[in-house]
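This is what each chain is made of:
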Amino acid sequence: MLLTLMGLTLSRAIVLVLMAFCASRQALAPLEARSTTAVCNSELCRLVSSGKLSDLRWPDFSDYRAHLQDFYEPASYAFAWTNHGAITRPAIAMIQVLKRADTKGLAPEDYDSSSWPERVAILNQSGKSPSEVDLARFDLALTVSVMRYVSDLHSGRANPGLFHKGFDLDDGEHDLARFVRQQLVAGSDLNRVLESVEPPYAGYRRTLEALRQYVTLAREDRAARLPVPKKTVDPGTEYSAIAPLTDLLRRLRDLPQSVPIPVNSAMYGEPLVTAVKHFQARHGLEPDGRLGKATLAQLNTPLNQRVHQLQLTLERWRWVPHSFPHPPIVVNIPEFRLRALNGNYASELDMKVVVGGAYRHQTPIFEAEMKYLIFRPYWEVPRSILRAELLPKIEKDTSYFVKHGYEVVNANSTVISKGALDEEILGALRAGKLRIRQVPGPENALGSVKFVFPNPHNVYLHGTPSTELFARFRRDFSHGCIRVEKPAELAAWVLRDKPEWTRKRILDAMNGSQTLQVTIPKPIPVVIVYATAVAEESGEVDFFEDIYGQDAELERWLAKGYPTSPWQPTSGAPGRRPRE
């Protein structure tokens, strides 16, 4: 489940940081007083001011220069990670953390993993004291790397500006510098401290564990791939690669180790069929047990690609707010699934959804607050749909307008026509002077209830008369809005703090004769996310198709390294307005 809370909350982390800061503020006061008169006459100060260090893999650290000045100036640019030329214990521990960045889904070389042995060796040369230049370059390289690591661990390398406003451990101006100084330079339990900046969710930690498992699997991955026959392999027929198929399904845990498979058999039957069905269900495929091209393509996907999917999911986890004022509703686009969470951030209600089509109608990624819902809503047909889809149908078949419950209205929502359309009305519709809406009823595209969370994209949740689409395993058919499988159940969950709204009253409102808007007592966060790998509470890991190509786009962006500007996906970018 994508958002299940577990462990240290961010608010608690803030308290811990502030307690540590207050306890040591008196000791730091003289250093802070001197910061106002600090003169940049040391090698370290000059390096910080330059914004570049050639020793680093990504030499340009100008985007961190202000943080570095806030870090060093209160200490008059004294070295933070050495003491009389000797590397401190926190520095050694921090270097080890940077080398293991891959366990967090990050790239160790972004933090100069391979360069630290040589840097340490330079300072530890026998019989020779390190020079000020060597000490300065070491100290700055480590501080830059640590700041990059902490920031990346907390809010992601590619912070898209859609969720986070910055490093938010503290409300002060110098959060990152203070955190590194107070908690890491002088810290004793770095792993615990660093865990406090990570997303505080059980789903995030499950994804870390899934990453560990798939890294191991990828190391053991066989180069050979399963053959893809011209015809789909049905249960009860022969397949030439039963042995490697069995081996793969065992390694992926779709086939238990204890289940025996006949040796030297070419017959594709039970229990392999059940194992394949399990694999298909985990990969967003119809679990029919048949070995077709789509199933074999997923089986033949290199396991290092699964590692990449998990790494990108961890990156996106870090974009999500570390806390919510009220339990949120979360929609994961590639999974085609909605989850409503309880007070402990565990899934309380889940259902299938239909999202925007991959071609031209993609649902954007964002966060908003649901403020009200509308029973028996009108559907105000967007002008783009009117011109591209509805008018051609009406012009071809004039009865289409009446048959599907449309009416023409003016700018004041006054009904102009509910019947046949003459050329004058059609001309006004083409010119945008009039518009069309669909009245409430069984044909209404929004179903019997619409869930509204105002946002720049004009996206909302709603029911649908096209319930047959929920039987599909790939469900990207809308114009951008999100159709929900169980609108009555979702309405009951949304209105759970209004006891007068019983299940019967909700159904009566959905099936009644009046349009009714109901305000939600406490606005509900709605988070639209994009994760192609999901670590479930059961311990299983599900993978889904990158339907919008956003994994590929994010991966290209991350490969650029530092410094980088905030990432904005080209698909679903702010300002685009999905239409239904």
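The structure under discussion appears in the preceding block.
These figures come from a predicted structure and were not determined experimentally.

## Concerning the overall build of the protein
Turning to step 1, where the next piece is worked out: Across its full length, the protein carries 19 helices and 19 strands.
Turning to step 2, where the next piece is worked out: Burial analysis of the protein (580 residues in total) assigns 52% to the buried set.
Turning to step 3, where the next piece is worked out: Within the protein, contacts between residues at least 6 apart in sequence are counted, and of these 70% link residues at least 24 apart.
Turning to step 4, where the next piece is worked out: When the accessible surface of the protein is totalled, it reaches about 26,100 Å², and 52% of it is carbon and sulfur.

## Considering the nonpolar core
Turning to step 1, where the next piece is worked out: Core analysis: the biggest nonpolar cluster contains 92 residues, and Trp81, Leu140, Tyr149, Leu184, Tyr239 and Tyr268 have the highest contact counts within it.
Turning to step 2, where the next piece is worked out: Broken down by element, this core gets its largest block of residues, 12 residues, from helix H6 (residues 132–155).
Turning to step 3, where the next piece is worked out: Counting 41 residues, the second-largest nonpolar core is a separate cluster that includes Phe366, Ala368, Ile524 and Ile547.

## Some words on the environment of arginine 206
Turning to step 1, where the next piece is worked out: Tracing the chain through its elements places arginine 206 in helix H9 (residues 202–219).
Turning to step 2, where the next piece is worked out: Separated by 328 residues in the primary sequence, arginine 206 and valine 534 have C-alpha atoms spaced 8.8 Å apart.

## Points about the layout of surface pockets
Turning to step 1, where the next piece is worked out: In this structure, the largest pocket occupies an estimated 670 Å³ of space.
Turning to step 2, where the next piece is worked out: Surrounding the largest pocket, 32 residues form its lining, His283, Gly284, Leu285, Phe543 and Phe544 being those nearest its centre.
Turning to step 3, where the next piece is worked out: Those elements that provide at least two residues to the lining of the largest pocket are helix H12 (293–299), helix H13 (303–317), strand E19 (541–543) and helix H19 (550–558).
Turning to step 4, where the next piece is worked out: The element that contributes the greatest number of residues to the lining of the largest pocket is H13, accounting for four residues.
Turning to step 5, where the next piece is worked out: Grouping the amino acids of the lining of the largest pocket by side-chain chemistry returns 12 nonpolar, six polar and 14 charged.

## Details of empty space enclosed by the protein
Turning to step 1, where the next piece is worked out: The tally for this structure, following the rule as stated, stands at four cavities of 30 Å³ or more.
Turning to step 2, where the next piece is worked out: The calculated volume of the largest cavity comes to roughly 50 Å³.
Turning to step 3, where the next piece is worked out: Elements with a minimum of two residues in the lining of the largest cavity: helix H11 (272–282), H12 and H13.
Turning to step 4, where the next piece is worked out: For the lining of the largest cavity, the residue count by class is six nonpolar, three polar and two charged.

## Some thoughts on the state of the cysteines
By definition, a disulfide links two cysteine residues through a covalent bond between their sulfur atoms.
Turning to step 1, where the next piece is worked out: The final tally for this structure, using the stated rule, is one disulfide.
Turning to step 2, where the next piece is worked out: Across the disulfide from cysteine 40 sits cysteine 45; the S-S distance is 2.1 Å. Disulfide cysteine 40 to cysteine 45: torsion about the S-S bond roughly -125 degrees, handedness left-handed.
Turning to step 3, where the next piece is worked out: Owing to a relative accessible area of 35%, cysteine 40 belongs among the partly exposed residues under this scheme.
Turning to step 4, where the next piece is worked out: Classification of cysteine 45 by relative accessible area gives buried; the value is 4%.

## Section: helix H3 (residues 65–72)
Turning to step 1, where the next piece is worked out: Taken as a whole, H3 has its buried residues at Leu68, Phe71 and Tyr72. Projected down its long axis, H3 carries its buried residues within an arc of 80 degrees, all on one side.
Turning to step 2, where the next piece is worked out: Among the structural elements, helix H2 (43–50), H6 and helix H7 (175–185) are those in contact with the buried residues of H3.

## Observations concerning the packing of aromatic side chains
Turning to step 1, where the next piece is worked out: On inspection of all chains with the given rule, the structure shows 12 aromatic pairs.
Turning to step 2, where the next piece is worked out: Taking the centre distance of 4.8 Å and the plane angle of 90 degrees together, the rings of phenylalanine 71 and tyrosine 72 count as edge-to-face.
Turning to step 3, where the next piece is worked out: Taking the relative accessible area as the measure of exposure, phenylalanine 71 reaches 1% and is therefore buried.
Turning to step 4, where the next piece is worked out: Residues tyrosine 111 and tyrosine 149 carry aromatic rings whose centres are separated by 5.4 Å and whose planes lie at 90 degrees to one another, so their mutual orientation is edge-to-face. Placement of the pair is tyrosine 111 in the loop between helix H4 (89–99) and helix H5 (116–123) and tyrosine 149 in helix H6, with a sequence separation of 38 residues.

## Some words on the pattern of salt bridges
Turning to step 1, where the next piece is worked out: Scanning the entire structure with this criterion turns up 26 salt bridges.
Turning to step 2, where the next piece is worked out: For arginine 46, the salt bridge identified is with glutamate 43, shortest N-O distance 3.4 Å. Of this pair, arginine 46 and glutamate 43 both sit in helix H2, three residues apart, roughly one helical turn.
Turning to step 3, where the next piece is worked out: According to the relative accessible area criterion, glutamate 43 is buried, its value standing at 17%.
Turning to step 4, where the next piece is worked out: Here the residues in one salt-bridge network are Arg57, Asp110 and Arg157, joined through shared partners.

## Points about the pairing of strand E12 (residues 435–438)
Turning to step 1, where the next piece is worked out: Bridge count for strand E9 (residues 379–380) against E12 is two bridges, and the pairing is antiparallel. Bridging from a neighbouring strand, glutamate 380 pairs with arginine 437 of E12.
Turning to step 2, where the next piece is worked out: Relative to E12, strand E10 (residues 406–409) is paired through four bridges, and the arrangement is antiparallel. Bridge pairing links tyrosine 406 to glutamine 438 in E12.

## Digging into the packing of helix H14 (residues 383–396) against helix H16 (residues 423–431)
Turning to step 1, where the next piece is worked out: Running from N to C, H14 and H16 cross one another at 155 degrees; their axes reach a closest spacing of 10 Å. Classified by the angle between their axes, H14 and H16 sit roughly antiparallel to one another. Between H14 and H16 lies a crossing of left-handed hand. Of the residues in H16, those in contact with Arg383, Leu386, Arg387, Leu391, Ile394 and Glu395 of H14 are Leu426, Leu429, Arg430 and Ala431.
Turning to step 2, where the next piece is worked out: Residues of the contact of H14 with H16, tallied by class, amount to six nonpolar, no polar and four charged.

Parameters and conventions
Residues numbered from 1 in each chain as written. Predicted model: local features only at pLDDT ≥ 70, side-chain atom pairs only at ≥ 80, totals over all residues. Heavy atoms only, no water. Helix = DSSP H or I, 4+ residues; strand = E, 2+ residues; numbered from the N terminus. Buried < 20%, exposed > 50% of the residue type's maximum accessible area, 1.4 Å probe, protein only. Contact = heavy atoms within 4.5 Å. Areas by Shrake-Rupley, 256 points an atom, 1.4 Å probe, with all protein chains shown as cover. Core = buried A, V, L, I, M, F, W, Y, C linked by side-chain atoms within 4.5 Å. 1 Å grid on protein atoms, 1.4 Å probe; cavity = no way out; pocket = protein on both sides within 12 Å on 5 of 7 lines; lining within 4 Å. Points joined across faces, edges and corners; volume = space filled by probe spheres on them. Nonpolar A, V, L, I, M, F, W, Y, C, P; charged D, E, K, R; others polar. Disulfide = S-S within 2.5 Å. Arc of directions from axis to C-beta. Phe/Tyr/Trp six-rings, centres within 6.5 Å; stacked < 30°, edge-to-face > 60°. Salt bridge = Lys/Arg side-chain N within 4 Å of Asp/Glu carboxyl O. Pairing = 2+ DSSP bridges. Axes fitted to C-alpha atoms, helices over the stretch in contact; angles between N-to-C directions. Parallel < 35°, antiparallel > 145°, perpendicular 65-115°, else oblique. Left-handed = near helix turned anticlockwise from the far one by under 90°.

Any link to function would need more than the numbers given here.
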